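# Coordinate analysis (summary)
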Amino acid sequence: MPRHQVGVLTTYEERVPERIRKLAYDLGRRLAEEGFIVITGGNGGLMKDVAKGVSDVGGIVIGILSHELARVPEGHPYHNPYLTVRILAEMSYEGRSSIVVASSDVVIVLAGGCGTLVEVAMAYSMGRPIVVLEGSGLLADRLRRMFPDGYLDHRHIVKLEFVRSVDEAIAAVKRILRQGAGQG
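Here's a quick rundown of the structure. (Residues numbered from 1 in each chain as written. Predicted model: local features only at pLDDT ≥ 70, side-chain atom pairs only at ≥ 80, totals over all residues. Heavy atoms only, no water.)

Okay, the packing of aromatic side chains next. Applying the stated criterion across every chain, the model contains 2 aromatic pairs. Ring geometry for Tyr12 versus Tyr78: centroids 4.9 Å apart, planes at 85°, classification edge-to-face. Within this pair, whereas Tyr12 is found in the loop between β1 (5-9) and α1 (18-33), its partner Tyr78 is found in the loop between β3 (61-65) and β4 (85-88), the two being separated by 66 residues in sequence. Since its relative accessible area comes to 24%, Tyr78 is described here as partly exposed. Measuring from ring centre to ring centre gives 5.9 Å for Tyr12 and Tyr93, while their planes differ by 10°; the resulting arrangement is stacked. Note that Tyr12 is positioned in the loop between β1 and α1 and Tyr93 in helix α3 (residues 93-102), a separation of 81 residues in sequence. A cation over a ring is seen here: Arg144 above Phe162, with NZ or CZ 4.3 Å from the ring centre. (Phe/Tyr/Trp six-rings, centres within 6.5 Å; stacked < 30°, edge-to-face > 60°. Helix = DSSP H or I, 4+ residues; strand = E, 2+ residues; numbered from the N terminus. Buried < 20%, exposed > 50% of the residue type's maximum accessible area, 1.4 Å probe, protein only. Lys NZ or Arg CZ within 6 Å of the ring centre and 35° of its normal.)

See below:
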C-alpha cells in the first residue's frame, strides 16, 4: 500500500528564531515517525530543519529543487544534505511549488513567506487539505487574520485548519487522511 505524502510549505530563510527551527525539526521527525513521506522545496532554512528531523529517524524526505538553487554547492546555506531524494525540477520556484503541492495528499504551513502564500493558493485551488501551524511565525501566523472564515475565496474549496502544536498538526493530518480527503 502506498504511503501518504505530506508537503511542508515553509521558508528557506535562515534567520529564524531557534524555537521555530526546533519546531520545524520536530514536525519532520514526527511526520517520519508516523510513516509519512515528506515533500518540501528542498532548500535551506526551515526546509533543511524539517529534512533533518525526517532523516534523523530514517524517514523519507523528498526535495523538489528549483532551477535557481538545484545545484548550490555543499556548504552553501541553501544546500540541504538531509534529503533522501533530490528532484531537479529545472523550473522556477513557482514551477517547483506546483510539483510540491500536487504531489502532496495534505500540506502543512510552517512559517513561510510570499512563496509559501503562492503554495497555499495552489493547494487551495487543487483541493489539497491545508493545515496551518500557528505560532510558527511569518505567514502561518497571519493566515487566520487574512482569511477569518478559513476560506481563500467565495468557492469554499478547502477550509484552512489551524493548529497550535506539532501534535495537533499530526492529529489533523491523520484525521484528514482517514476521512479520505487529499487523495490526489
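Now for the sheet that holds β1. Across the sheet, 7 strands lie side by side as β4-β3-β2-β1-β5-β6-β7; this open sheet has parallel pairing. The open sheet terminates on both sides in strands that have one partner only, identified here as β4 and β7 (161-163). Put simply, the sheet's adjacent strands are angled 25° from each other on average, direction ignored. Bridging between strand β5 (residues 106-110) and strand β6 (residues 130-133) involves 4 bridges; their strand directions are parallel. Opposite Leu110, over in β6, you have Leu133 as the bridge partner. Across the sheet, α3 is in contact with β1, β2 (37-40) and β3; its angle to β3 comes to roughly 155°. (Pairing = 2+ DSSP bridges. Axes fitted to C-alpha atoms, helices over the stretch in contact; angles between N-to-C directions. Contact = heavy atoms within 4.5 Å.)

Mapped onto the elements of the fold, Leu133 is located in strand β6. We classify Leu133 as buried; its relative accessible area is 0%. For the pair Leu133 and Ile108, spaced 25 residues apart in sequence, the C-alpha to C-alpha distance is 7.0 Å. Contact partners of Leu133, with chain neighbours within four places excluded, come to Leu23, Val109, Leu110, Ala140, Asp141, Val163, Arg164, Ser165 and Val166.

Another aspect to go through is the pairing of β3. Most of β3 is tucked away: 5 of the 5 residues are buried. In this structure, β2 lies alongside β3, joined through 3 bridges in parallel fashion. Across the sheet, residue Ile39 finds its bridge partner in β3, namely Ile62. Once the chain exits β2 it traverses helix α2 (residues 46-56) before rejoining the sheet at β3, and the crossover so formed is right-handed. Two strands pair when backbone bridges link them, and β3 and β4 are joined in this way by 4 bridges, in the parallel orientation. (Right-handed = clockwise from strand over helix to strand, strands pointing away.)

Moving on to the packing of α1 against helix α6 (residues 166-178). Contact geometry for α1 and α6: axes closest at 10 Å, N-to-C directions at 35°. Crossing angle aside, the handedness with which α1 passes α6 is right-handed. Between α1 and α6, the residues in contact are Leu23, Asp26, Leu27, Arg30 and Leu31 and Val166, Asp167, Ala169 and Ile170, respectively. Taken together, the residues of the contact of α1 with α6 break down into 6 nonpolar, no polar and 3 charged. (Left-handed = near helix turned anticlockwise from the far one by under 90°. Nonpolar A, V, L, I, M, F, W, Y, C, P; charged D, E, K, R; others polar.)

What follows deals with the pattern of salt bridges. A side chain with one charge may pair with a side chain of the opposite charge, provided their charged atoms come close. In the structure shown here, the tally under the stated rule is 15 salt bridges. A salt bridge links Arg29 to Asp26; the nearest nitrogen and oxygen atoms lie 3.6 Å apart. Separated by 3 residues within a single helix, Arg29 and Asp26 lie in helix α1, roughly one turn from each other. For Arg29, a relative accessible area of 24% gives the class partly exposed. (Salt bridge = Lys/Arg side-chain N within 4 Å of Asp/Glu carboxyl O.)

Alternating positions in β2 separate into two faces, Ile37 and Ile39 on one and Val38 and Thr40 on the other, with burial throughout. Across 3 bridges, the pairing between β1 and β2 is parallel. The residue bridging Gly7 from the neighbouring strand is Ile39, located in β2.

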